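These are the residues of each chain, in order.
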Amino acid sequence: MKTKAVRLYGVNDLRLDEFELPQIKDDEILVKIISDSICMSSHKLASQGDKHKRVRHDLTKTQPIVGHEFCGTIEQVGSKWSKQFKTGKKFAIQPALNYPDSNGEPTLWAPGYSYDFIGGNATYVIIPNEVMEMNCLLDYSGENYFLGSLAEPVSCIVGAFHAQYHTKPGSYVHSMGIIEGGSMALLAGAGPMGLGAIDYAIHNPLKPKLLIVTDIDDSRLKRAAQLLTVEEAEKNGVKLIYVNTKDINDPVQHLCNLNNGKLYDDVFVFAPVKPVLELGDKLLGRDGCLNFFAGPTNPAFTAELNFYNVHYESHHIVGTSGGNTDDMIESLTMMENGKLNPAFMITHIGGLDSAAKTTIELDKIPGGKRLIYTHKKMEMTAIDDFTEKGKTDPFFAALAQICGKYNGLWNTEAEQYLLENAEDI
C-alpha cells in the first residue's frame with residue numbers, strides 16, 4: 001500500500017513523499033490516520049535534525065515520519081493482536097513508549113521522531129509491535145478525530161499536574177499532585193497549553209482555590225477569559241484571575257497581593273524565557289513546587305534560582321516532557337465524558353500539503369494548535385479567517401457558518417463537513 005507522509009531529511013528539511021509501505025508483520029497493525037495536531041516539539045525536531053535526542057537514523061539513508069499527536073482508524077491487524085484490536089475502531093497514540101533496549105534501559109524512541117513507517121503526518125502508517133507491548137495504542141470512542149489528536153498534548157498537562165509534589169515538615173514523604181484548595185499561578189499561561197492547564201485546573205477533581213493566569217498580550221488574555229470564564233471557574237470552586245504583567249513594575253508584589261499577601265503553592269511556567277522562570281521562583285512559598293513546563297530549544301538554557309530557599313523553604317523544582325499512558329487514558333476519558341473540551345487549543349486547520357512548512361515556521365506564526373487532516377489538501381488557515389476567505393470560496397463560507405455556531409471553535413460538525421468536502425490530497 002502506498003502512503004503519503006512528511007519525513008525528516010535534515011535541519012528544517014521536511015518533505016512530503018509518496019512511497020510504498022511494506023506488508024505488515026504478524027505483530028504489527030496498519031492504520032489510517034485522519035488527523036494530527038502539530039506540536040512545538042516537532043518544530044524543535046525540525047530545527048535540530050539528526051542532533052535531536054529522539055532521532056536514531058542516518059538521515060542520508062533513512063528518514064523518519066514526523067508528527068506524534070494523531071488519531072485515526074485501524075485498517076488491518078496482525079495475528080498477534082487480532083483478539084485485542086479490531087478493524088474499523090478509532091485509536092489514539094501515546095508516543096512516549098519508554099521501550100527498553102537490549103540491556104533493559106528505556107529508550108527515547110517514539111513515533112513521530114524515530115520510525116520509518118509511523119508518524120502523524122501521513123495517510124497510512126504501520127504501528128510496530130513495541131507500541132502495543134507498551135500499551136500505547138489506545139481505544140478512542142469519541143465522535144470526532146480532532147479530540148483524539150489533542151489527547152497527547154492534554155496528557156502533557158495532566159502529567160505535569162501529577163508530577164507536582166509537596167511535603168510536610170519533618171517528613172520526607174512526597175505527596176504527589178498540586179495542593180488541593182491552595183494557590184496556583186500559571187505564568188505565560190494564555191497560549192494553547194496554558195489554556196489546557198486552566199481547563200484542567202478548573203475541572204479536575206483536585207483543584208486550587210485561587211488560580212492566577214499571567215501573560216503579556218492582551219489579546220491572548222481576552223480570548224482566554226472568553227473561553228474559560230471567571231464564572232465557569234467560580235461554579236467549580238476556583239477563583240480565577242487573569243493578569244497582564246507587561247507593565248507592572250513589581251509583578252511579585254502584585255501577584256502576592258492577589259493572594260492576600262502570600263506566596264504560591266504551585267507555579268507553572270509555560271514559556272522557556274529566563275525572566276519568566278525567575279519570576280516563578282520568586283513566587284514560591286514554603287514547600288512550593290515550580291514546574292518548568294515549556295521545553296527550551298537551547299540545550300544550554302539556564303536561569304537564576306534561589307537555592308537558599310531550596311534549602312530553608314523546601315522549594316521543589318520539577319519538569320515534565322509529555323505524559324505517560326495513564327495520563328493519556330485520563331485525558332481521553334475526561335474528553336469522552338465532556339469534562340474537558342480542548343477544542344479552544346486549535347486555531348488553524350490545514351491539509352497534509354501544509355504540514356511541512358507549518359512545522360518549520362511554527363514559532364513564527366501567532367496562534368494556537370495547528371490541526372492537519374492528512375487525507376486532504378488545504379492551505380493552513382486560521383479559523384478566524386474563514387469568514388473572509390468565504391467571501392470568494394463557498395467551502396470556507398460553510399466552515400465559517402458552522403464554527404460560528406460553536407463560539408468560533410473547531411467542532412465535530414466542521415470536521416465532518418471538511419472530511420466530506422475538502423479536496424483530497
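Further up the page is the structure itself.
Here is what the cut-offs are and how they apply
Starting afresh in each chain, residues are numbered from 1 along the sequence in its written order. In keeping with the model being predicted, local features are shown solely for residues with a pLDDT of at least 70 and side-chain atom pairs are shown and tallied solely at 80 or more, while totals for entire chains, interfaces and linings include all residues. Excluding hydrogens and water, the side-chain figures rest on all heavy atoms present in the structure. The helix and strand labels rest on DSSP assignments: H or I over at least four residues marks a helix, E over at least two residues marks a strand, and numbering proceeds from the N terminus. Both definitions apply: the radius of gyration is a C-alpha atom measure, and the globule rule equals 2.2 Å times residues to the power 0.38. Partly exposed describes any residue whose relative accessible area lies between the buried limit of under 20% and the exposed limit of over 50%, with all areas from a 1.4 Å probe on protein chains only and scaled to the type maximum. In this analysis, two residues are considered to be in contact whenever any of their non-hydrogen atoms come within 4.5 Å of each other. Surface accessibility in these figures is a Shrake-Rupley result with a 1.4 Å probe; residues are shielded only by whichever protein chains are displayed. Positive residues here are Lys and Arg, negative ones are Asp and Glu, while His and the chain termini are left out of the count. The atoms used to mark charge sites are NZ of Lys, CZ of Arg, CG of Asp and CD of Glu. By nonpolar core is meant a set of buried Ala, Val, Leu, Ile, Met, Phe, Trp, Tyr and Cys residues that side-chain atoms within 4.5 Å join together. Any two strands with at least two DSSP bridges between them are considered paired. Clockwise travel from the first strand over the helix to the second, with the strands pointing away from the viewer, marks a crossover as right-handed.

Along its length, the protein carries 14 helices and 18 strands. For 425 residues, the compact-globule estimate of 2.2 N^0.38 gives 22 Å, and the protein sits close to it at 22 Å. Each of the three principal axes of the protein carries a C-alpha extent, and together these read 65 × 60 × 40 Å. A buried classification covers 55% of the 425 residues belonging to the protein. Within the protein, residue pairs in contact and separated by at least 24 positions form 73% of the contacts whose partners lie at least 6 positions apart. Surface exposure of the protein reaches about 19,100 Å², of which carbon and sulfur atoms provide 48%. Taking the 40 positively charged and 54 negatively charged side chains of the protein as two groups, their mean positions are separated by 0 Å.

Another point: the nonpolar core. In terms of nonpolar packing, the biggest core is built from 65 residues, with I198, L211, I349, F386 and W410 touching the most fellow members. Examining the composition of this core, we find that ten residues originate from one element, helix α3 (residues 146–163), more than from any other. What W410 contacts, discounting residues up to four positions off in sequence, is F146, A343, I346, I349, L371, Y373, I383, F386, L399, C403, E415 and L418. Membership of the second largest hydrophobic core comes to 28 residues, among which are A5, I65, A122 and M132.

Further remarks concern the pairing of strand β14 (residues 284–292). Taken across its nine residues, β14 has eight buried, putting it largely inside the fold. As paired elements, strand β13 (residues 264–269) and β14 share five bridges and run parallel to each other. Residue pairing for β14: V267 is matched across the bridge by L290. The parallel pair β13 and β14, bridged by helix α8 (residues 274–283), forms a crossover whose chirality is right-handed. Here β14 pairs with strand β15 (residues 316–318) via three bridges, running parallel. In the strand pairing of β15, L290 is matched with I317. Since β14 and β15 lie parallel, the crossover through helix α9 (residues 307–312) that links them has a hand, and here it is right-handed.

Bringing unusual backbone geometry into the picture now. Unusually for a residue other than glycine, N135 sits at a positive phi of about 60 degrees. Position of N135 relative to the elements: it lies in the loop between α2 (129–133) and β7 (137–139). In this structure N135 comes out as partly exposed when scored by relative accessible area, which is 40%. Positive phi, close to 55 degrees, is recorded for N260, a residue that is not glycine. Looking at the element boundaries, N260 is found in the loop between α7 (251–257) and β13. Given the relative accessible area of 72%, N260 is considered exposed.

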